[in-house]
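Summary of the model geometry
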Amino acid sequence: RIREQQSGSYPGIGIQIVSADGLITVTQLFEGSPAYRAGIRRNDVIARVGQPVEENGKKRIAWEETKGWPTQEIVNRVRGPKGTTVEISIRRPGVDTLIDLTVARDAIKITTVRTAFMIAPGTGYIRLQEFSETSDTEIGEALAKLKAAGMQRLMLDIRDNPGGPLDQAIAVSSRFLKSAQMVVYTRGRVPGSDEDYRAKTQAGYTDVPLIVMVNRNSASASEIVSGAMQDHDRAILVGETTFGKA
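A brief look at the structure comes next. (Residues numbered from 1 in each chain as written. Predicted model: local features only at pLDDT ≥ 70, side-chain atom pairs only at ≥ 80, totals over all residues. Heavy atoms only, no water.)

1. Notes on helix 5 (residues 166-174)
Taken across its nine residues, helix 5 has seven buried, putting it largely inside the fold. Within helix 5, burial applies to Gln168, Ala169, Ile170, Ala171, Val172, Ser173 and Ser174. Contacts from the buried residues of helix 5 go to helix 4 (135-148), strand 12 (182-186), strand 13 (195-198) and helix 6 (221-231). (Buried < 20%, exposed > 50% of the residue type's maximum accessible area, 1.4 Å probe, protein only. Helix = DSSP H or I, 4+ residues; strand = E, 2+ residues; numbered from the N terminus. Contact = heavy atoms within 4.5 Å.)

2. Focus: the pattern of salt bridges
Throughout the structure, instances matching the rule amount to 12 salt bridges. For arginine 92, the salt bridge is made with aspartate 44, and the minimal N-O distance between the two is 2.7 Å. Remark: aspartate 44 occurs in the loop between helix 2 (34-38) and strand 4 (45-55) and arginine 92 occurs in the loop between strand 6 (85-91) and strand 7 (99-104); sequence separation between them is 48 residues. Side by side, arginine 92 and aspartate 44 carry an identical accessibility label, which is buried. (Salt bridge = Lys/Arg side-chain N within 4 Å of Asp/Glu carboxyl O.)

3. What to know about the packing of helix 5 against helix 6
Between helix 5 and helix 6, the shortest axis-to-axis distance is 9 Å and the interhelical angle comes to 30 degrees. Between helix 5 and helix 6, the angle falls in the class roughly parallel. The handedness of the crossing between helix 5 and helix 6 is right-handed. Of the residues in helix 6, those touching helix 5 at Leu166, Ala169, Val172 and Ser173 are Ala221, Ile224, Val225, Ala228 and Met229. (Axes fitted to C-alpha atoms, helices over the stretch in contact; angles between N-to-C directions. Parallel < 35°, antiparallel > 145°, perpendicular 65-115°, else oblique. Left-handed = near helix turned anticlockwise from the far one by under 90°.)

None of the figures reported here should be taken as evidence of function without further support.
Take a look at the structure:
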């Protein structure tokens, strides 16, 4: 599960769920995912999961009620190889009957830059939800889009961002720092654990006025980015004292 989160991709239908009062409820859909295309909505309840069976030469769906199931059981049933399908029944508020759906599984891309837009004339806003192996690329694309829209200053929102791969924290920091400036260092008793990580080739955003938004749930890679910005007086940090992992 950690590997899926860091790689930014997993095979499935593209939903996030919670168990509320024993009901498996959809809390989020990834835009363009199989679930999104099938018409699943937020607040839909996954009431049943089906499995095709054959009896007396006839095929039918064997349904199992999901009430009381742990979320991991649903995850195990719904995920599977790309190109295969899963049968589910949805209970939707305002609809009297169950909605039966056949949803094809696919590779789901986990987007870490959930929002990037001009929040005011000349001011860009980027929301970095977490770090994965695609975060630096996503940040680069978002910056280019905002620059083309007239961005002169930036708000980088990493509140509630729990972190992720170290190399992505360094790469994201490098977009705002001058070449060879220190981003983070490690020290340890194990031979070879002492390492200095510096900004890579200077990017085109070293002079863009920057505000970094953090809170008590900004941790790990988020603290590396915000700490590097603070240490070099590169940005104003706004929010709360961060988690304290990095």
